[in-house]
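# Fold and contact review
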Amino acid sequence: TQQMAAAMADNPTKPLEYGEDNGLAPSAGATSEAPSRAALASALSEVNGSDKTGSRAPEGHNNTIDTLDRVRVDSSDQPMTTNQGVRISDNQNTLSAGVRGPALLEDFVLREKLTHFDHERIPERVVHARGSGAHGYFECTEAITDITSAAPFQEKGKITPLFVRFSTVAGERGSKDTARDVRGFAVKFYTDAGNWDLVGNNMPVFFIQDAMKFPDLVHAVKPEPHHQMPQAASAHDTFWDFVSLMPESTHMLMWQMSDRAIPRSFATMQGFGVHTFRFVNAEGQATLVKFHWLPVAGTHSLVWDEAVKISGADPDFNRRDLWERIDSGAYPQWDLAVQLFTEEQADAFSFDVLDSTKIIPEELVPLRTIGRMTLNRNPDNFFSETEQVAFCIANIIPGLDFTNDPLLAGRIHSYFDTQLLRLGGPNFHEIPINAPIVQVHNNQRDGFHRQAIFRGRVAYEPNSLAGGCPFQAGMQGFVSVAARNESREGTAKVRAKPEKFAEHYAQARLFLDSQTPAEQDHIAAAFRFELSKCTVPAVRERMVASLRNVSDDLARKVADGLGIKELPAPMPLATRQPPEPEVKRSKFLSLMARPGDGSIAGRKVAIVVGPGVDGAFARQMQQALLEGGAVGRFVGMHIGPVDAGDGSAIDADASTENSPGFLFDALVIPDGNDGLKRDGHLWEFVRDVYRHCKPIVAIGDAREFVTRVLPDGADTRKDKALILDERGSQGAIDQLIQCLGAPRDFSRESDPPRV
Ligand code: HDE
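As the structure is a prediction and not an experimental result, all values here were calculated from the model. (Residues numbered from 1 in each chain as written. Predicted model: local features only at pLDDT ≥ 70, side-chain atom pairs only at ≥ 80, totals over all residues.)

### Concerning the confidence of the model for the protein
Averaged over all residues, the pLDDT of the protein equals 91, while 90% of them reach at least 70. Across residues 1–64, where pLDDT falls below 50, the model places 92 contacts with residues more than four positions away in sequence or in other chains. Here the predicted complex carries an ipTM of 0.98, next to a pTM of 0.92. (pLDDT = per-residue confidence, 0-100. Contact = placed C-beta atoms within 7 Å.)

### Description of the UniProt feature "active site" (unreviewed entry) in the protein
The residues that UniProt annotates with the feature "active site" (unreviewed entry) are His128 and Asn201. A maximum C-alpha distance of 10.5 Å among these annotated residues, which run over 74 residues, shows that they cluster at one spot. One can find His128 in the loop between helix 4 (108–118) and strand 1 (131–140). If you trace the backbone, Asn201 turns up in strand 4 (residues 194–201). Sequence-distant contacts of Asn201, that is, excluding residues within four places in its chain, are made with Val182, Arg183, Gly184, Phe185, Phe272 and Val274. (UniProt positions renumbered as here; feature names shortened; annotations may be inferred. Helix = DSSP H or I, 4+ residues; strand = E, 2+ residues; numbered from the N terminus.)

### Some thoughts on the site of the ligand
With respect to spatial proximity, 24 residues lie near the ligand, and among them Arg125, His128, Gly184, Ala211 and Val274 are the closest. Residues belonging to the shell around the ligand are distributed by class as follows: 11 nonpolar, 10 polar and three charged. (Near = placed C-beta within 6 Å. Nonpolar A, V, L, I, M, F, W, Y, C, P; charged D, E, K, R; others polar.)

### Considering the nonpolar core
The biggest cluster of nonpolar side chains holds 170 residues, and the ones touching the most others in it are Ile607, Val609, Leu667, Val668 and Ile696. Broken down by element, this core gets its largest block of residues, six residues, from helix 14 (residues 517–532). Both domain 1 (1–69 + 136–441 + 500–597) and domain 2 (604–748) contribute no fewer than three residues apiece to this core. Among residues more than four places away in sequence, those in contact with Leu667 are Ala606, Gly661, Phe685, Val686, Val689 and Ile696. (Core = buried A, V, L, I, M, F, W, Y, C linked by C-beta atoms within 7 Å. Buried ≥ 20, exposed ≤ 12 C-beta atoms within 10 Å, placed from the backbone. Domains from an automatic or database assignment.)

### Focus on the environment of Asp553
In this fold, Asp553 is placed in helix 16 (residues 552–561). A residue is classified by how many C-beta atoms lie within 10 Å of it, and Asp553, with 12 of them, is exposed. For the pair Asp553 and Ala524, spaced 29 residues apart in sequence, the C-alpha to C-alpha distance is 9.5 Å.

### Regarding the pairing of strand 16 (residues 666–669)
Across the two faces of strand 16 the burial is the same, with Ala666 and Val668 and Leu667 and Ile669 all buried. With three bridges connecting them, strand 11 (residues 604–608) and strand 16 associate as parallel partners. Across the sheet, the residue bridging to Ile607 is Val668, located in strand 16. Sheet topology note: the strand 16/strand 17 (residues 696–699) ladder contains three bridges and is parallel. Bridge pairing in strand 17 places Ile669 opposite Ala698. With helix 18 (residues 680–691) bridging strand 16 and the parallel strand 17, this β-α-β connection has right-handed handedness. (Pairing = 2+ DSSP bridges. Right-handed = clockwise from strand over helix to strand, strands pointing away.)

### Topic: unusual backbone geometry
Trans is the common state for peptide bonds, and a negative phi is the common state for residues other than glycine. Note the cis peptide between Cys469 and Pro470, where omega equals -10°. Take Pro470: it is sitting in the loop between helix 12 (406–422) and helix 13 (506–513). Each neighbour pair has its own omega, and for Asp751 with Pro752 the value is 0°, a cis peptide bond. In this structure, His128 takes a positive phi of about 60° despite not being glycine.

Have a look at this one:
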């Protein structure tokens, strides 16, 4: 697997694209030890039985995604051509009748170039427009053949290639990464039984119970139609008007107002399949299942003030982080865990497992880890891969099936439908990033942009002229589970929901009560912020009335922040006798519950280097961080060489102007550094990093500077993330590394922030 991981990260053309020879190659930890293409091919076929003939690969193995190599283009050492492959002699001047004469219609080079340009844009996704993608693989760590015949889970050690796209939901394609929003977490498994798309989010529930409400929800959260504001934000009247009238969204609102809506990194967020699905074994027996992705790096988020500032300084914050993690070899990883349960168990729950506004508390059904996903290769081309990838919840494989979740039903329709417009016709499955690694055989023909050349005169079935091929696979193919009519009340046509769907608040309470006090404060502050942006008082009050059904304490805090003196009456409940919940407080719902493995991989630290800096310490710190997979960047008053105190030069690759402190996970100010202390940016660095509860290291004379800049009442003795030490001490480096790998300690926080 190690070999496999390294092999799949290889892109043999990359060095040339970056111009490795002229020193433009990415420096920090560029993907190392890339084996040759031949080595890759043999490693893959050894591990997976790579097989492009379209027949099934040997049992327990699967084909590979190296089919993409067919379409990868490397233009180094190549002359420029038209789209017809005709070499272009001059790419500067239009063909004209004389140097000052009119352009000629016959200039097919110009016309092709402009026409292609004119058609370069495709519609962005109607939701989840802004996304970032990566290639990787799934490794099965526990075969569950007794439960499912789904290809990826048939053998321990089996590798399945995949492509992942993370996204925000409301913002447009060019919007910021750190909006307060749900994140999409969509995984396309290229299995040897066809493509399986697990199209999930970083939150386990959704705003609505029925697909019928989806267009309303999206219209409410998107920029308001008259003036197209605000971009990538839910803090406006129409969103809160809608959700305050839809009590079923309350549980999701708790998640959305929590720090999960501003993840530090895609690599530090959980993913969820949200709906209840079915696993089906070879005997056709079904087990209900919920899918969870658990980040190996743990769950870590930003704080709101930080997210707001980052969105200005680096709107690509999460995208850049993902790219750099992969490029530097700090491959993001997640365990795939499942909750497995029976229909009988589901019947007994106080909530309905077909209701996507409910979780199944892990206390009721524990997680079982069955594999691990590793993202180890950046796309070669954003448009071809990340933009054109088409996820579809209907893409499932034998061993899986749906349930009657009414939200899921709408999704099964919607994803395929939307791609028809976005990707221009019914053949988008042939776009390389979407193509399965198994050969497609059917009698579908024609349509825009058809790539496959089907041979023969037969495009129908039954036939005798082609020997009956392609033939139906029968029980070898996808078979829907027969017993999946969960409608206990009969099958007469209705527009209605089961009774348990009418309870909307118990799990919102469960979530809130399971958070740490600091997280609860962040939730209250988020509600306050969002509702304070609403201009219609009735909307604010209605939302507070709804919150009273979750917690009077929360409602009071929010009301205080909005200047509402008297709490409105609680919103009437939709059910008179809400069922008693099984779990009222869960160990698993706080971000602190899964701090990760303590690794600092992928973290970024600013090491401040002004003239006279203790260069030996700065370098030692950088080296120690690098060994842990983190990046220590030398930040100077300007980029370029800085004279260290020992007469050497340190090369600053960032400046206090171009890389503000809030972009980093920690700040290190070594001893010496005189000039920098007169740089107002550095004062802001310290204040922001302190306010956002991130570690600060100050050595020697930097200690006095830092304590002067900190707000009144800052605790300089007990605060473990405030590391003030003597010059020459060794402890500071280890202390920083420990703090960096741990969740933030929010005890520094006050609301409002201290002066
Ligand atoms: Fe989506 N959703 N969705 N959604 N969704 C889309 O498909 C839709 C829902 C999710 O990176 C669209 O290709 C309906 C839940 C992700 O390309 C569209 C309903 C969950 C992505 C669509 C939902 C999701 C999408 C827009 C309610 C979490 C991005 C472009 C019935 C489990 C995938 C596209 C990517 C994208 C429809 C609700 C996740 C229009 C109708 C619940 C991660 O088809």
